[in-house]
Amino acid sequence: MKKSLRKLETKCTRNGSFLSDILSLEINIENIKLRNPFILASGILDVTPSLFFRVASSGAGAIVTKTVTLEERKGFDNPVITDAPCGLINSMGLPNPGIKYFVNKYVKSIIDKIDIPIILSIGPSSVKDVYEMSNIVLDSGLKWIEINASCPHVKGHGLTVLGDESMLGEIIRVTKKKLSNFLIFVKISAHITNLAKIAETIFSSGADGIVAINTLRAIAIDIWSKKPILGGIFGGLSGPAIKPVALRCVYELYQYFPEKVIIGVGGISSWRDAIEFFLAGASAIQIGSVIAFKDLNIFKELNDGVIKYLNKEGYDSINEIIGLAHRF
Ligand code: RRO
(Lines give C-alpha, C1' and ligand atoms only; values in the text may rest on other atoms or scores of the structure.)
Protein backbone atom coordinates (compact mmCIF):
# COMPACT_ATOMS: atom_id res chain seq x y z
CA MET A 1 0.00 0.00 0.00
CA LYS A 2 1.16 3.54 -0.70
CA LYS A 3 4.39 2.25 -2.16
CA SER A 4 5.87 4.30 -4.94
CA LEU A 5 8.30 3.11 -7.55
CA ARG A 6 10.91 5.59 -8.55
CA LYS A 7 13.40 5.88 -11.31
CA LEU A 8 16.70 7.35 -10.39
CA GLU A 9 19.43 8.96 -12.39
CA THR A 10 22.77 8.89 -10.68
CA LYS A 11 25.15 11.69 -11.47
CA CYS A 12 28.65 12.47 -10.35
CA THR A 13 29.22 15.82 -8.67
CA ARG A 14 32.41 17.91 -8.89
CA ASN A 15 33.79 16.50 -5.64
CA GLY A 16 33.21 12.93 -6.81
CA SER A 17 30.20 12.12 -4.61
CA PHE A 18 26.97 10.82 -6.11
CA LEU A 19 23.63 12.56 -6.21
CA SER A 20 20.39 10.90 -7.22
CA ASP A 21 17.73 12.92 -8.96
CA ILE A 22 14.19 11.63 -9.11
CA LEU A 23 12.98 11.59 -12.69
CA SER A 24 9.57 10.07 -12.21
CA LEU A 25 6.70 10.31 -9.76
CA GLU A 26 5.36 6.86 -10.58
CA ILE A 27 3.24 5.43 -7.75
CA ASN A 28 1.19 2.35 -6.94
CA ILE A 29 -2.29 2.75 -5.54
CA GLU A 30 -2.84 -0.75 -4.18
CA ASN A 31 -2.27 -2.92 -7.28
CA ILE A 32 -2.62 -0.19 -9.89
CA LYS A 33 0.38 1.65 -11.27
CA LEU A 34 0.10 5.38 -12.03
CA ARG A 35 2.85 7.20 -13.91
CA ASN A 36 2.26 10.15 -11.57
CA PRO A 37 -0.18 11.04 -8.76
CA PHE A 38 -2.07 13.74 -10.72
CA ILE A 39 -5.53 12.54 -11.68
CA LEU A 40 -8.14 14.34 -13.75
CA ALA A 41 -11.16 14.93 -11.46
CA SER A 42 -14.65 13.84 -12.42
CA GLY A 43 -16.69 16.32 -14.43
CA ILE A 44 -13.86 17.96 -16.39
CA LEU A 45 -13.13 17.13 -20.03
CA ASP A 46 -14.06 13.53 -19.39
CA VAL A 47 -17.12 12.86 -21.47
CA THR A 48 -15.85 11.50 -24.80
CA PRO A 49 -13.00 9.20 -25.90
CA SER A 50 -11.22 11.98 -27.84
CA LEU A 51 -11.06 14.05 -24.66
CA PHE A 52 -9.69 11.06 -22.73
CA PHE A 53 -6.81 10.83 -25.22
CA ARG A 54 -6.14 14.58 -25.02
CA VAL A 55 -5.94 14.41 -21.24
CA ALA A 56 -3.68 11.33 -21.37
CA SER A 57 -1.28 13.04 -23.77
CA SER A 58 -1.12 16.12 -21.54
CA GLY A 59 0.55 14.01 -18.83
CA ALA A 60 -2.24 13.11 -16.37
CA GLY A 61 -1.66 10.01 -14.24
CA ALA A 62 -5.26 8.76 -14.52
CA ILE A 63 -8.71 10.00 -15.54
CA VAL A 64 -11.94 9.97 -13.56
CA THR A 65 -14.97 9.98 -15.87
CA LYS A 66 -18.03 12.18 -15.55
CA THR A 67 -20.34 10.60 -12.98
CA VAL A 68 -22.84 8.25 -14.60
CA THR A 69 -26.17 7.05 -13.25
CA LEU A 70 -28.14 3.90 -13.97
CA GLU A 71 -30.52 5.73 -16.28
CA GLU A 72 -29.78 8.63 -18.63
CA ARG A 73 -30.23 12.13 -17.13
CA LYS A 74 -30.70 15.40 -18.97
CA GLY A 75 -29.22 17.60 -16.27
CA PHE A 76 -30.45 21.03 -15.17
CA ASP A 77 -31.52 23.96 -17.33
CA ASN A 78 -29.02 26.64 -18.36
CA PRO A 79 -27.12 28.46 -17.06
CA VAL A 80 -25.23 25.61 -15.47
CA ILE A 81 -22.05 27.46 -14.49
CA THR A 82 -21.17 30.87 -13.10
CA ASP A 83 -18.10 32.66 -11.73
CA ALA A 84 -17.46 33.05 -8.04
CA PRO A 85 -14.64 34.86 -6.25
CA CYS A 86 -11.71 32.45 -6.51
CA GLY A 87 -13.68 29.72 -8.20
CA LEU A 88 -16.71 28.51 -10.13
CA ILE A 89 -20.20 27.39 -9.19
CA ASN A 90 -21.62 24.58 -11.35
CA SER A 91 -25.09 23.16 -11.43
CA MET A 92 -24.78 20.62 -14.22
CA GLY A 93 -27.35 18.35 -12.61
CA LEU A 94 -25.53 15.07 -13.33
CA PRO A 95 -26.15 15.01 -17.09
CA ASN A 96 -25.07 11.67 -18.58
CA PRO A 97 -26.21 9.10 -21.13
CA GLY A 98 -26.64 6.33 -18.54
CA ILE A 99 -24.03 3.80 -17.50
CA LYS A 100 -24.83 1.18 -20.15
CA TYR A 101 -24.39 3.58 -23.06
CA PHE A 102 -21.34 5.25 -21.50
CA VAL A 103 -19.50 2.01 -20.78
CA ASN A 104 -20.42 0.23 -24.03
CA LYS A 105 -20.00 3.18 -26.36
CA TYR A 106 -17.11 5.11 -24.80
CA VAL A 107 -15.16 3.11 -22.25
CA LYS A 108 -14.91 -0.24 -24.03
CA SER A 109 -13.67 1.38 -27.24
CA ILE A 110 -10.65 2.98 -25.56
CA ILE A 111 -9.81 1.06 -22.43
CA ASP A 112 -7.10 -1.04 -24.12
CA LYS A 113 -5.76 1.84 -26.23
CA ILE A 114 -5.16 4.44 -23.55
CA ASP A 115 -1.97 4.21 -21.47
CA ILE A 116 -3.38 5.51 -18.17
CA PRO A 117 -6.07 4.07 -15.87
CA ILE A 118 -9.68 5.15 -16.42
CA ILE A 119 -11.65 5.44 -13.20
CA LEU A 120 -15.42 5.22 -13.64
CA SER A 121 -17.39 7.59 -11.43
CA ILE A 122 -20.81 6.22 -10.57
CA GLY A 123 -23.66 8.06 -8.86
CA PRO A 124 -26.06 5.47 -7.46
CA SER A 125 -29.19 6.53 -5.60
CA SER A 126 -29.90 3.10 -4.07
CA VAL A 127 -28.45 -0.34 -3.40
CA LYS A 128 -30.47 -1.70 -6.33
CA ASP A 129 -28.85 0.92 -8.62
CA VAL A 130 -25.37 -0.13 -7.67
CA TYR A 131 -26.16 -3.82 -8.05
CA GLU A 132 -27.28 -3.26 -11.66
CA MET A 133 -24.43 -0.85 -12.38
CA SER A 134 -21.88 -3.39 -11.14
CA ASN A 135 -23.24 -5.99 -13.59
CA ILE A 136 -22.67 -3.56 -16.47
CA VAL A 137 -19.13 -2.72 -15.35
CA LEU A 138 -18.04 -6.30 -14.68
CA ASP A 139 -16.59 -7.17 -18.11
CA SER A 140 -15.79 -3.61 -19.24
CA GLY A 141 -12.02 -3.78 -18.76
CA LEU A 142 -12.28 -1.16 -16.01
CA LYS A 143 -10.51 -1.83 -12.70
CA TRP A 144 -11.31 1.18 -10.58
CA ILE A 145 -14.62 2.71 -9.48
CA GLU A 146 -15.23 6.00 -7.70
CA ILE A 147 -18.61 6.13 -5.94
CA ASN A 148 -19.91 9.70 -5.95
CA ALA A 149 -21.48 10.13 -2.51
CA SER A 150 -21.13 13.88 -2.45
CA CYS A 151 -22.70 15.83 -5.33
CA PRO A 152 -24.20 18.75 -3.37
CA HIS A 153 -27.18 19.67 -5.53
CA VAL A 154 -28.82 16.61 -7.14
CA LYS A 155 -31.54 15.24 -4.88
CA GLY A 156 -31.47 11.48 -4.30
CA HIS A 157 -27.80 11.17 -5.33
CA GLY A 158 -24.49 12.30 -3.84
CA LEU A 159 -25.03 13.98 -0.49
CA THR A 160 -28.32 12.13 0.01
CA VAL A 161 -26.36 8.86 -0.07
CA LEU A 162 -23.65 10.20 2.27
CA GLY A 163 -26.38 11.28 4.70
CA ASP A 164 -27.71 7.72 5.00
CA GLU A 165 -24.85 5.77 6.54
CA SER A 166 -26.52 2.39 6.42
CA MET A 167 -27.35 2.77 2.70
CA LEU A 168 -23.83 4.07 2.03
CA GLY A 169 -22.31 1.04 3.77
CA GLU A 170 -24.56 -1.36 1.85
CA ILE A 171 -23.75 0.36 -1.48
CA ILE A 172 -20.03 -0.12 -0.81
CA ARG A 173 -20.45 -3.74 0.34
CA VAL A 174 -22.49 -4.68 -2.74
CA THR A 175 -20.05 -2.95 -5.10
CA LYS A 176 -17.03 -4.59 -3.49
CA LYS A 177 -18.69 -8.00 -3.49
CA LYS A 178 -19.74 -7.81 -7.15
CA LEU A 179 -16.53 -6.14 -8.31
CA SER A 180 -14.11 -7.94 -6.01
CA ASN A 181 -11.06 -7.31 -8.22
CA PHE A 182 -11.74 -3.59 -8.56
CA LEU A 183 -10.47 -0.73 -6.47
CA ILE A 184 -13.47 0.96 -4.88
CA PHE A 185 -13.04 4.56 -3.79
CA VAL A 186 -15.73 6.81 -2.29
CA LYS A 187 -15.81 10.54 -3.00
CA ILE A 188 -17.06 12.40 0.05
CA SER A 189 -18.15 15.91 0.95
CA ALA A 190 -17.04 18.41 3.57
CA HIS A 191 -20.73 18.89 4.42
CA ILE A 192 -20.54 16.51 7.37
CA THR A 193 -19.64 17.00 10.99
CA ASN A 194 -18.83 13.34 11.68
CA LEU A 195 -15.97 12.82 9.23
CA ALA A 196 -14.25 10.12 11.32
CA LYS A 197 -17.46 8.10 11.75
CA ILE A 198 -18.37 8.23 8.07
CA ALA A 199 -14.82 7.35 7.05
CA GLU A 200 -14.97 4.40 9.46
CA THR A 201 -18.22 3.22 7.78
CA ILE A 202 -16.63 3.61 4.35
CA PHE A 203 -13.49 1.63 5.19
CA SER A 204 -15.22 -1.04 7.27
CA SER A 205 -17.64 -1.63 4.38
CA GLY A 206 -14.71 -2.56 2.15
CA ALA A 207 -13.71 0.63 0.30
CA ASP A 208 -10.06 0.85 -0.72
CA GLY A 209 -9.83 4.60 -0.34
CA ILE A 210 -11.53 7.95 0.07
CA VAL A 211 -11.51 10.92 -2.29
CA ALA A 212 -11.98 14.24 -0.47
CA ILE A 213 -13.75 16.54 -1.35
CA ASN A 214 -16.55 17.28 -3.83
CA THR A 215 -17.71 20.85 -4.46
CA LEU A 216 -19.41 22.83 -1.68
CA ARG A 217 -23.12 23.63 -1.93
CA ALA A 218 -23.46 27.24 -3.03
CA ILE A 219 -25.70 29.81 -4.70
CA ALA A 220 -25.28 32.97 -6.81
CA ILE A 221 -27.96 35.66 -7.19
CA ASP A 222 -28.40 38.18 -10.00
CA ILE A 223 -29.08 41.56 -8.42
CA TRP A 224 -30.98 42.97 -11.44
CA SER A 225 -33.39 40.11 -12.08
CA LYS A 226 -33.31 39.48 -8.33
CA LYS A 227 -33.26 35.73 -8.93
CA PRO A 228 -30.79 32.86 -8.49
CA ILE A 229 -28.48 32.75 -11.53
CA LEU A 230 -28.20 29.00 -12.01
CA GLY A 231 -30.95 26.96 -13.63
CA GLY A 232 -30.74 24.42 -10.82
CA ILE A 233 -30.72 27.29 -8.23
CA PHE A 234 -28.07 25.60 -6.07
CA GLY A 235 -24.68 24.55 -7.35
CA GLY A 236 -21.26 23.32 -6.24
CA LEU A 237 -18.43 25.75 -5.49
CA SER A 238 -15.01 24.62 -6.73
CA GLY A 239 -11.60 26.23 -7.25
CA PRO A 240 -9.09 27.93 -4.94
CA ALA A 241 -11.91 29.13 -2.63
CA ILE A 242 -12.37 25.58 -1.31
CA LYS A 243 -8.72 24.49 -1.12
CA PRO A 244 -8.26 25.08 2.63
CA VAL A 245 -11.43 23.09 3.38
CA ALA A 246 -10.33 20.17 1.18
CA LEU A 247 -6.87 20.25 2.74
CA ARG A 248 -8.38 20.18 6.23
CA CYS A 249 -10.48 17.11 5.34
CA VAL A 250 -7.43 15.27 3.97
CA TYR A 251 -5.44 16.21 7.08
CA GLU A 252 -8.18 14.95 9.42
CA LEU A 253 -8.72 11.74 7.43
CA TYR A 254 -4.99 10.99 7.63
CA GLN A 255 -5.07 11.66 11.40
CA TYR A 256 -7.77 9.01 11.82
CA PHE A 257 -6.63 6.53 9.13
CA PRO A 258 -2.92 6.99 8.37
CA GLU A 259 -2.69 3.56 6.72
CA LYS A 260 -5.51 4.16 4.25
CA VAL A 261 -5.31 5.70 0.80
CA ILE A 262 -6.67 9.24 0.67
CA ILE A 263 -6.91 11.17 -2.58
CA GLY A 264 -7.16 14.94 -2.23
CA VAL A 265 -9.21 17.18 -4.50
CA GLY A 266 -10.46 20.74 -4.23
CA GLY A 267 -8.93 23.91 -5.61
CA ILE A 268 -5.45 22.51 -6.31
CA SER A 269 -3.96 25.00 -8.78
CA SER A 270 -0.18 24.76 -8.49
CA TRP A 271 2.62 22.38 -7.50
CA ARG A 272 2.79 24.19 -4.15
CA ASP A 273 -0.85 23.30 -3.48
CA ALA A 274 -0.08 19.70 -4.48
CA ILE A 275 2.80 19.52 -2.00
CA GLU A 276 0.50 20.79 0.76
CA PHE A 277 -1.92 17.93 0.05
CA PHE A 278 0.86 15.31 0.12
CA LEU A 279 2.16 16.73 3.42
CA ALA A 280 -1.41 16.58 4.79
CA GLY A 281 -1.61 12.88 3.91
CA ALA A 282 -2.85 12.52 0.32
CA SER A 283 -1.35 9.66 -1.71
CA ALA A 284 -2.55 11.26 -4.94
CA ILE A 285 -4.54 14.33 -5.95
CA GLN A 286 -7.22 15.21 -8.46
CA ILE A 287 -7.25 18.28 -10.67
CA GLY A 288 -10.44 20.03 -11.76
CA SER A 289 -11.37 23.71 -12.04
CA VAL A 290 -7.84 24.96 -12.62
CA ILE A 291 -8.03 23.43 -16.10
CA ALA A 292 -10.57 26.13 -16.99
CA PHE A 293 -7.88 28.75 -16.24
CA LYS A 294 -4.57 27.06 -17.10
CA ASP A 295 -5.65 24.43 -19.64
CA LEU A 296 -4.21 20.92 -19.59
CA ASN A 297 -0.66 22.29 -19.24
CA ILE A 298 -1.28 22.08 -15.51
CA PHE A 299 -0.31 18.38 -15.51
CA LYS A 300 3.20 19.08 -16.80
CA GLU A 301 3.51 22.06 -14.47
CA LEU A 302 2.60 19.88 -11.45
CA ASN A 303 4.92 17.08 -12.49
CA ASP A 304 7.91 19.37 -13.05
CA GLY A 305 7.26 21.44 -9.92
CA VAL A 306 6.87 18.47 -7.57
CA ILE A 307 9.96 16.70 -8.96
CA LYS A 308 12.03 19.88 -8.53
CA TYR A 309 10.75 20.32 -4.97
CA LEU A 310 11.60 16.73 -3.99
CA ASN A 311 15.08 16.99 -5.47
CA LYS A 312 15.70 20.34 -3.81
CA GLU A 313 14.52 19.07 -0.42
CA GLY A 314 16.56 15.88 -0.76
CA TYR A 315 13.77 13.29 -0.93
CA ASP A 316 13.99 10.09 -2.95
CA SER A 317 10.30 9.62 -3.56
CA ILE A 318 6.94 11.22 -3.08
CA ASN A 319 6.13 8.59 -0.44
CA GLU A 320 8.65 10.22 1.88
CA ILE A 321 6.58 13.38 2.23
CA ILE A 322 3.08 11.88 2.55
CA GLY A 323 1.65 12.91 5.93
CA LEU A 324 4.81 14.75 7.02
CA ALA A 325 2.78 17.70 8.33
CA HIS A 326 1.58 15.44 11.15
CA ARG A 327 4.98 15.05 12.82
CA PHE A 328 4.99 17.48 15.71
O1 RRO B 1 -23.16 17.06 -12.34
C2 RRO B 1 -23.07 17.88 -11.39
O3 RRO B 1 -23.83 18.87 -11.30
C4 RRO B 1 -22.05 17.72 -10.35
C5 RRO B 1 -21.71 16.51 -9.76
BR6 RRO B 1 -22.41 14.88 -10.34
C7 RRO B 1 -20.80 16.48 -8.67
O8 RRO B 1 -20.45 15.44 -8.10
N9 RRO B 1 -20.31 17.69 -8.25
C10 RRO B 1 -20.63 18.85 -8.84
O11 RRO B 1 -20.16 19.92 -8.40
N12 RRO B 1 -21.49 18.86 -9.89
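Notes on the structure in this doc start here. The model shown is predicted, which means the values in this text are computed figures rather than measured ones.

What follows is about the site of the ligand. By nearness alone, every residue bordering the ligand is listed as Lys66, Asn90, Met92, Gly93, Leu94, Pro95, Asn148, Cys151, His153, Asn214 and Thr215. One nitrogen or oxygen atom from the side chain of Asn90 is found 2.8 Å from an oxygen atom belonging to the ligand. If the ligand stood free it would expose 320 Å²; the protein chains cover 93% of that surface. Residue classes in the shell around the ligand are distributed as four nonpolar, six polar and one charged.

Formed by 110 residues in total, the largest nonpolar core has its most connected members in Ile99, Leu120 and Phe299. If we ignore the near neighbours within four places in the chain, the residues touching Ile99 are Val68, Thr69, Leu70, Leu120, Ile122, Met133, Ile136 and Val137.

Let us now look at the pairing of strand β13 (residues 216-219). A one-sided burial pattern is seen for β13, the buried positions being Leu216 and Ala218 and the unburied ones Arg217 and Ile219. Sheet topology places β13 next to strand β16 (residues 234-238); four bridges connect them, and they run antiparallel. Considered in β16, the bridge of Arg217 is made with Gly236.

Now for the sheet that holds strand β10 (residues 144-148). In space, the eight strands of this closed barrel follow the order β5-β6-β9-β10-β11-β12-β17-β18, with parallel pairing throughout. Ignoring which end each strand starts from, the neighbouring axes of this sheet average 25° apart. When strand β11 (residues 183-188) meets strand β12 (residues 209-212), the two strands line up parallel, connected through four bridges. Within β12, the position partnered with Ile188 by the bridge is Ala212. Where helix α5 (residues 165-178) meets the sheet, its contacts fall on β10 and β11, and the angle it forms with β11 comes to roughly 155°.

Reading the values: rules and limits
Residues numbered from 1 in each chain as written. Predicted model: local features only at pLDDT ≥ 70, side-chain atom pairs only at ≥ 80, totals over all residues. Heavy atoms only, no water. Near = heavy atom within 4 Å. Polar contact = N/O pair within 3.5 Å; in protein donor to acceptor, adjacent residues only side chain to side chain. Areas by Shrake-Rupley, 256 points an atom, 1.4 Å probe, with all protein chains shown as cover. Nonpolar A, V, L, I, M, F, W, Y, C, P; charged D, E, K, R; others polar. Core = buried A, V, L, I, M, F, W, Y, C linked by side-chain atoms within 4.5 Å. Buried < 20%, exposed > 50% of the residue type's maximum accessible area, 1.4 Å probe, protein only. Contact = heavy atoms within 4.5 Å. Helix = DSSP H or I, 4+ residues; strand = E, 2+ residues; numbered from the N terminus. Pairing = 2+ DSSP bridges. Axes fitted to C-alpha atoms, helices over the stretch in contact; angles between N-to-C directions.

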